[in-house]
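Each chain, letter by letter, is given below.
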Amino acid sequence: MEAGRPLDPGPPSLLRTARSFRYALAGLLYLARTQPNFRVHLVAAVAALGAGAVLQISSIETAALLLTIGLVLVTEALNTAIEAVVDLASPGPHPLARIAKDAAAAAVLIAALIAVLVGLTVLGPRLLARLFGM
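Here the residue numbering is sequential within each chain, running from 1 through the sequence in written order. Totals for whole chains, interfaces and linings use all residues, but because this is a predicted model, local features are given only for residues with pLDDT of at least 70 and pairs of side-chain atoms are given and counted only at 80 or more. Side-chain measures were taken over the full set of non-hydrogen atoms in the model, leaving aside hydrogen atoms and water.

A word on the packing of helix α3 (residues 59-89) against helix α4 (residues 95-132). Note on definitions: angles span 0 to 180 degrees between N-to-C directions of axes, and those axes are lines fitted to C-alpha atoms, for helices only across the stretch in contact. In this text, helices come from DSSP runs of H or I with a minimum length of four residues, and strands from runs of E with a minimum of two, each type numbered from the N-terminal end. At a minimum axis separation of 9 Å, α3 and α4 run at an interaxial angle of 165°. The orientation of α3 relative to α4 falls into the category roughly antiparallel. In this structure, the crossing between α3 and α4 has a hand that is left-handed. Gly falls in the polar group here, along with every residue not listed as nonpolar (Ala, Val, Leu, Ile, Met, Phe, Trp, Tyr, Cys, Pro) or charged (Asp, Glu, Lys, Arg). Its residues assigned to classes, the contact of α3 with α4 shows 19 nonpolar, four polar and six charged. Should an angle lie under 35 degrees it is considered roughly parallel, over 145 roughly antiparallel, and from 65 to 115 roughly perpendicular; all remaining angles are considered oblique. Take the far helix as the reference: if the near one is turned anticlockwise from it by less than a right angle, the crossing is left-handed, and if turned clockwise, right-handed.

In C-alpha cells:
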C-alpha cells in the first residue's frame, strides 16, 4: 500500500475521484518514463494513426486501430504491474515467478501480433495502392 492511501476511503467524493486520476496519470508517466517497450508501442500507435489519417481510413477502421492500440498499451501496463508485484513477492528466482512473468509477457506479444494483423488489414491495401498504384 502506498503511503497516504487509506484502506477505506469512505464515501465517494470529487476529491477522491480527482486523486484516483492523479494516481492513474502517475502510472502512465511511470510507464512512459521507464518502460522502453511501452514507448515503442506509443510510437507505433502514433505512426499507425498518422498513416490512417493520411490514407483517409473510415471511422470504423479508426475505431479498430484505436481498440487495438488500447489492447496493446493495456497489456503492456498490466505486464509491468505483474512484474513489479512478482518482484515484490519473490525477490529471488522462483519457477512460479518466472511463469507469471513469462505469461504476462506472452499477453503483450499476443496483443502486439494482433495489432500488426489489424494494422495490415486496415492500412495494408491502401498503403500498397498508394505506393505501387495497385
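Pairs can form between side chains of opposite charge once their charged atoms are near each other. Salt-bridge detection follows one rule: a side-chain nitrogen of Lys or Arg within 4 Å of a carboxyl oxygen of Asp or Glu. Taken as a whole and assessed by the stated rule, the structure comprises three salt bridges. One salt bridge connects lysine 101 with aspartate 87, and the closest N-O pair in it is separated by 2.5 Å. With lysine 101 in helix α4 and aspartate 87 in helix α3, this pair connects stretches of sequence that are 14 residues apart. The salt bridge partner of aspartate 102 is arginine 98, with a shortest N-O separation of 3.6 Å. Of this pair, aspartate 102 and arginine 98 both sit in helix α4, four residues apart, which is roughly one turn of that helix. When a residue's accessible area, from a 1.4 Å probe over protein chains only, is under 20% of the maximum for its type it is buried; when over 50% it is exposed; and in between it is partly exposed. Residue aspartate 102 is classed as partly exposed on the basis of its relative accessible area of 44%.

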